[in-house]
Amino acid sequence: MEKYEAFTGIAAPMPLVNIDTDMIIPKQFLKTIKRTGLGVNLFFEMRYDMDGNENPDFVLNQKAWRSAEIIVAGDNFGCGSSREHAPWALKDFGIRCVVSTGFADIFYNNCFKNGILPVTLKEREVASLLDSAQNGENARITVDLESQTITGPQGEIFEFEIDPFKKKCLLEGLDDIGLTMEKAGAIDEFEKNYKSSRPWL
């Protein structure tokens, strides 16, 4: 997993509440165990019509937000079933940060494991960013995990809280495997001692 660095990007406004994981990536796309290739199916039922053509009214299909790296959403984002494919699809599309007033717990934790920063802000702060995001490419937002701030296009700064351990993992690019490999020396030493004290194994 790549280290999470501060960036400035386009934010797509999605003010819907209760955007669940089935809306993010429908069940028919859960057969794969690869983390790549799901971006094309992100928000599939809102993004395409019955014939597979793009819905021109959907935000990510519009020119101003096709390259969005941030989603500013309504409350309770990521609710529903606990499918890790949801953050996989977001990441594969290019989404690096989701801002909301609240997230479903499992989705929230899965984001960190997949290099996505979920930011919880107050309702008025999210409303301000939603308003700014309506301007598309003309209103870029800066996300700085190190300082724990979101900076709007007019220079307004919103601070957010984050668990120190989750912050460390994102900043250092550590997923579960990476965390384990940090202890590789200790693991090797344990195995060596374990085998020498139990030669019959």
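Described below are features of the structure shown in this document. (Residues numbered from 1 in each chain as written. Predicted model: local features only at pLDDT ≥ 70, side-chain atom pairs only at ≥ 80, totals over all residues. Heavy atoms only, no water.)

**Here we look at the pairing of strand β4 (residues 117-120)**
Inspection of the sheet shows strand β3 (residues 97-100) paired to β4 by four bridges, in the parallel sense. Looking across to β4, one finds that V98 is bridged to P118. Chirality of the crossover, the property in question, places the unit of β3, helix α4 (residues 105-113) and β4 among those that are right-handed. (Pairing = 2+ DSSP bridges. Helix = DSSP H or I, 4+ residues; strand = E, 2+ residues; numbered from the N terminus. Right-handed = clockwise from strand over helix to strand, strands pointing away.)

**Observations regarding the state of the cysteines**
Counted by the stated rule, this structure contains zero disulfides. Sulfur of C97: no disulfide; nearest cysteine sulfur belongs to C111 and is 9.3 Å away. C97 gets classed as buried once you look at its relative accessible area, which sits at 0%. (Disulfide = S-S within 2.5 Å. Buried < 20%, exposed > 50% of the residue type's maximum accessible area, 1.4 Å probe, protein only.)

**Observations regarding the side chain of R47**
Its location among the elements puts R47 in helix α2 (residues 44-47). Although R47 is buried, it forms no salt bridge, and the closest oppositely charged side chain is E54 at an N-O distance of 5.5 Å. Residues contacting R47, with those up to four places away along its chain left out, are G39, V40, N41, L42, N53, E54, N55, F58, N61 and F93. (Lys, Arg positive; Asp, Glu negative; His and termini not counted. Salt bridge = Lys/Arg side-chain N within 4 Å of Asp/Glu carboxyl O. Contact = heavy atoms within 4.5 Å.)

**Digging into the side chain of N114**
Position of N114 relative to the elements: it lies in the loop between α4 and β4. Here N110 takes part through its backbone oxygen, which lies 2.8 Å from a polar atom of the side chain of N114. Not counting residues up to four positions away in its chain, the partners in contact with N114 are M1, R35, E84, P87, W88 and K91. (Polar contact = N/O pair within 3.5 Å; in protein donor to acceptor, adjacent residues only side chain to side chain.)

**Quick word on the pattern of salt bridges**
The full count for this structure, using the stated rule, is five salt bridges. As a salt-bridge pair, R66 and E54 come within 2.5 Å of each other at their nearest N and O atoms. With R66 in the loop between α2 and β2 (70-73) and E54 in the loop between α2 and β2, this residue pair connects regions lying twelve residues apart in the sequence. A salt bridge links E137 to K63; the shortest N-O distance between them is 3.8 Å. With E137 in the loop between α5 (123-133) and β5 (140-144) and K63 in the loop between α2 and β2, this residue pair connects regions lying 74 residues apart in the sequence.

**Quick word on the environment of K91**
Its location among the elements puts K91 in helix α3 (residues 85-93). The partly exposed category is assigned to K91, whose relative accessible area is 35%. With near-sequence residues (within four places) excluded, K91 lies in contact with N114, G115 and I116.

**Focus on the packing of aromatic side chains**
Given two aromatic rings, their pairing is described by the distance between the two centres and the angle made by the two planes. On inspection of all chains with the given rule, the structure shows nine aromatic pairs. Look at Y4 and F7: their rings are 6.2 Å apart centre to centre, the planes differ by 70°, and that puts the pair in the edge-to-face class. Judged on exposure class, the residue Y4 and its partner F7 are both buried. Among the aromatic residues, those joined into a cluster by ring pairs are F77, F103, F107, Y108 and F112. Across the ring face of F7, the terminal group of R96 is positioned such that the distance to the ring centre comes to 4.0 Å. K166 extends its terminal NZ or CZ atom over the ring of F112, reaching a point 5.9 Å from the ring centre. (Phe/Tyr/Trp six-rings, centres within 6.5 Å; stacked < 30°, edge-to-face > 60°. Lys NZ or Arg CZ within 6 Å of the ring centre and 35° of its normal.)

**Quick notes on the nonpolar core**
By size, the foremost hydrophobic cluster in this structure holds 55 residues, and its most contacted members are F43, F77, L90, V99, L117 and I150. Among the elements of the structure, β1 (7-14), β2, α3, β3, α4, β4, α5 and β5 are those that each provide at least two residues to this core. For L117, the residues in contact, after removing those within four places along its chain, are Y4, R96, C97, V98, F112, V143, L145, F160, I162 and L170. (Core = buried A, V, L, I, M, F, W, Y, C linked by side-chain atoms within 4.5 Å.)

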